[in-house]
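Descriptive structure summary
Chain by chain, the residues:
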Amino acid sequence: MSQGIFITATDTGVGKTVITAGLALALKEQGCRVGVMKPVQSGHSLSDPESDGMRLKAWTGVDDSIDEIVAYNFHLPVAPGLAAELAGETIDRSVILERLDRLAGKYDVVFVEGAGGLMVPLGSNWTIADLAGEIGWPLLIVARPLLGTVNHTVLTTLAARRLGLSPVGVILNGLRPEETEPSVEHNPRLIEAFAQIPVLGSVPWLADLSPEHLKESVLEHVDVAKLLHLLQREAS
Ligand SMILES: Nc1ncnc2c1ncn2[C@@H]1O[C@H](COP(=O)(O)OP(=O)(O)OP(=O)(O)O)[C@@H](O)[C@H]1O
Ligand SMILES: [Mg+2]
């Protein structure tokens with residue numbers, strides 16, 4: 001199997017952290033040793049329980065320190081490349097790759113959460129997509145379930161392929177019970193038809209984000225076996 005998965009999304013705030021944690025817990029349940037990494041984050045202090053790194057650490061229960069999970073942290077709530085620029089710092093890809101290498105040596109599978117979407121700048125001449133390309137692992141795309149998601153998800157998938165990445169699947173996330181718009185039931189098949197990518201599941205809005213419930217929801221709503229199969233295929 002591929003050593004890991006890079007989790008991206010069609011936008012910021014779509015649910016990468018929630019889905020990353022849920023998938024990690026689901027794979028752990030199946031006996032995999034699973035690590036998590038958020039290479040670059042902004043908008044919080046490193047130890048803020050609300051930050052992505054700390055949420056991933058708390059939800060998945062990994063024993064790695066937050067410095068091992070997060071390579072670069074910026075307080076300013078702007079995209080990481082801009083936050084680095086404004087802080088007078090540079091994000092060094094070799095630092096990220098070295099940290100990831102260590103985690104990859106420790107676990108069967110490592111989930112790497114991007115920041116925002118694929119075209120988010122990390123510096124003056126590189127983006128999250130470039131980082132995903134250097135890591136070289138298959139890409140999983142988290143998308144919204146509502147009107148607009150076909151366009152966003154097809155664009156993200158096509159751009160990923162054009163940039164040499166390997167998007168293997170889409171997970172729709174966060175449908176609330178009151179959201180009954182007519183596109184919802186058709187969006188998965190339209191994404192599959194126009195982006196030629198499997199939609200592996202639709203995770204609803206969860207009132208309870210405890211690890212147990214996250215894991216159960218992912219196991220119920222996502223075709224985890226198919227994801228594992230796709231990862232094995234990518235690795236061979
Ligand atoms: N299925 C869900 N059920 C309940 N809450 C959710 C769900 N998915 C996401 N959320 C909430 O929505 C917000 C955004 O989700 P999340 O932080 O996972 O997005 P993200 O894509 O990781 O964002 P970022 O680009 O900042 O990393 C969070 O407050 C999260 O707890
Ligand atoms: Mg996140």
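For the structure itself, consult the block above.
So, here is what we can say about the structure in this document. Please read all numbers here as calculations on a predicted model, not as lab measurements.

It is worth spelling out the overall build of the protein at this point. Counting its secondary structure elements, the protein contains 10 helices and 10 strands. Taking 236 residues into account, the globule formula puts the C-alpha radius of gyration at 18 Å, and the protein, at 17 Å, falls close to it. Each principal axis of the C-alpha distribution contributes one length, and for the protein these read about 45 × 40 × 35 Å. Within the protein, the fraction of its 236 residues that count as buried is 51%.

This paragraph deals with the environment of R33. Within the secondary structure, R33 is located in the loop between α1 (16-29) and β2 (34-37). Separated by 76 residues in the primary sequence, R33 and V109 place their C-alpha atoms 6.5 Å from one another.

So, about the packing of aromatic side chains. In this structure the tally under the stated criterion is one aromatic pair. Both rings, one in Y72 and one in F74, keep their centres 6.4 Å apart while their planes meet at 5°; by these two values the pair is stacked. With respect to burial, Y72 and F74 carry one shared label: buried. Directly above the ring of W126 sits R93, whose terminal nitrogen or CZ lies 4.0 Å from the centroid. Over the ring of W205 we find R176; its NZ or CZ atom is 3.8 Å from the centre of that ring.

What counts, and where the lines are drawn
Residues numbered from 1 in each chain as written. Chains lettered and ligands numbered in written order. Predicted model: local features only at pLDDT ≥ 70, side-chain atom pairs only at ≥ 80, totals over all residues. Heavy atoms only, no water. Helix = DSSP H or I, 4+ residues; strand = E, 2+ residues; numbered from the N terminus. Rg over C-alpha atoms; globule rule 2.2 N^0.38 Å. Buried < 20%, exposed > 50% of the residue type's maximum accessible area, 1.4 Å probe, protein only. Phe/Tyr/Trp six-rings, centres within 6.5 Å; stacked < 30°, edge-to-face > 60°. Lys NZ or Arg CZ within 6 Å of the ring centre and 35° of its normal.

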